[in-house]
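Coordinate inspection notes
The lines below spell out each chain.
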Amino acid sequence: MTAAITAMITAVVGVLGTLLAPVFVQRLTVRQRAEETRLADERRKFEELRTQYTAMNRASRQFHTLLKDALHRIRDDVYTEQERNQLEEARLDHRDRYAEAQMIVPERILQASRDLNRVLAAGDAVVKRLDRGVPRDGENVERAMEDLKAADPCLDTMRQLMRRDLGVTD
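Quick summary incoming for the structure in this document. (Residues numbered from 1 in each chain as written. Predicted model: local features only at pLDDT ≥ 70, side-chain atom pairs only at ≥ 80, totals over all residues. Heavy atoms only, no water.)

With respect to the side chain of histidine 94
The line we're drawing: Note on conventions: DSSP H or I runs of at least 4 residues are helices, E runs of at least 2 residues are strands, and numbering of each starts at the N terminus. Should any heavy atoms of two residues lie within 4.5 Å, those residues are counted as being in contact.
Position of histidine 94 relative to the elements: it lies in helix H2 (residues 81–101). The residues touching histidine 94, leaving out its near neighbours within four places in the chain, are Ala59, Ser60, Phe63, Asn117 and Leu120.

Right under this line is the structure:
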């Protein structure tokens, strides 16, 4: 190779490098932005799920607690309109959180919530019948309290599944 050919090859490589550098930089920038967008989407979805799980857990536990309180107050004959309203608000909040969750949470979480809902809905129905003085055969406060204890393992299972789904390990 002669010096002229070497110089020409060097010049061509230099010009190509100069022309292609912005293309490489732009491709790298596009990849970085795509990765940043993907990470931001994952973080947003995680936060949305965590917020939903927290709301579901809180609403379920509040509804459960107010059902137990209602049974104690009915037994003691001190159940008031204010407490009826609180229980109804908790029931509606629980229902709304579940409806929201149906759109974003995995099926295993929904199944755990369904299992819990069955116990809570049955407890709510009994509380309402006892409060109105029209219990079914065998329904009484003591039995309702015992039946409502079935919610405890359901609450624990739902919470454990949610924590596992969020990556929380013990």
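Section: the packing of helix H3 (residues 107–132) against helix H5 (residues 151–165)
What counts, and what does not: Where helices are involved, their axes are fitted lines through C-alpha atoms of the stretch in contact, as for all axes, and angles between N-to-C directions lie from 0 to 180°. For classification, angles of less than 35 degrees are called roughly parallel, those exceeding 145 degrees roughly antiparallel, those between 65 and 115 degrees roughly perpendicular, and all remaining angles oblique. Handedness of a crossing is defined here by the sense of rotation of the near helix relative to the far one, left-handed for an anticlockwise turn of less than a right angle and right-handed for a clockwise turn.
Interhelical geometry of H3 versus H5 gives an angle of 160 degrees and a closest axis separation of 9 Å. With respect to their mutual orientation, H3 and H5 come out roughly antiparallel. Classified by chirality, the crossing of H5 by H3 is left-handed. Along its contact with H3, which presents Arg108, Ile109, Ala112, Ser113, Asp115, Leu116, Val119 and Leu120, the element H5 presents Ala151, Cys154, Leu155, Met158, Leu161, Met162 and Asp165.

With respect to the nonpolar core
For the record, the criterion: By convention a nonpolar core is built from buried Ala, Val, Leu, Ile, Met, Phe, Trp, Tyr and Cys residues, the set being connected through side-chain atoms within 4.5 Å. We call a residue buried when its accessible area falls under 20% of the maximum for its residue type, exposed when it is over 50%, and partly exposed in between, using a 1.4 Å probe and counting protein chains only.
With 35 residues, the main nonpolar core has Leu71, Leu87, Val105 and Val127 as its most contacted residues. Elements represented by at least two residues in this core include exactly helix H1 (3–75), H2, H3, helix H4 (141–148) and H5. Once residues lying within four places of it in the same chain are set aside, the contact partners of leucine 87 are Phe63, Leu66, Leu67, Ala70, Tyr79, Asp124 and Val127.

Here's the deal with the pattern of salt bridges
Operational definition: Salt bridges are defined by distance alone: a side-chain nitrogen of Lys or Arg within 4 Å of a carboxyl oxygen of Asp or Glu.
The full count for this structure, using the stated rule, is 24 salt bridges. Among the salt bridges present, the one from arginine 38 reaches glutamate 35, with a minimum N-O distance of 2.5 Å. With arginine 38 and glutamate 35 both in helix H1, this residue pair falls three residues apart, about one helical turn. We classify glutamate 35 as partly exposed; its relative accessible area is 36%. Here the residues in one salt-bridge network are Arg58, Asp93, Arg97 and Glu100, joined through shared partners.

A look at the environment of leucine 110
Among the structural elements, leucine 110 can be located in helix H3. A relative accessible area of 6% places leucine 110 in the buried class. Remark: the alpha-carbon pair of leucine 110 and valine 30, spanning 80 residues in sequence, is separated by 38 Å. Not counting chain neighbours up to four residues away, the residues in contact with leucine 110 comprise Tyr98, Ala101, Gln102 and Val105.

What to know about H4
For the record, the criterion: To obtain the arc, one takes the directions from the helix axis to the C-beta atoms. N or O atoms within 3.5 Å of each other form a polar contact, as long as, within protein, one can give a hydrogen and the other can take it, and as long as residues adjacent in sequence are counted only when both atoms are side-chain atoms.
Those residues of H4 that sit buried are Val141, Ala144, Met145 and Leu148. The arc enclosing the buried residues of H4, seen along the axis, measures out at 100 degrees, which places them on a common side. The backbone nitrogen of glutamate 142 lies 3.1 Å from a side-chain oxygen of the residue at the head of H4, namely asparagine 140.

Some thoughts on unusual backbone geometry
Phi is positive for aspartate 77, close to 60 degrees, though the residue is something other than glycine. With a relative accessible area of 71%, aspartate 77 lands in the exposed category.

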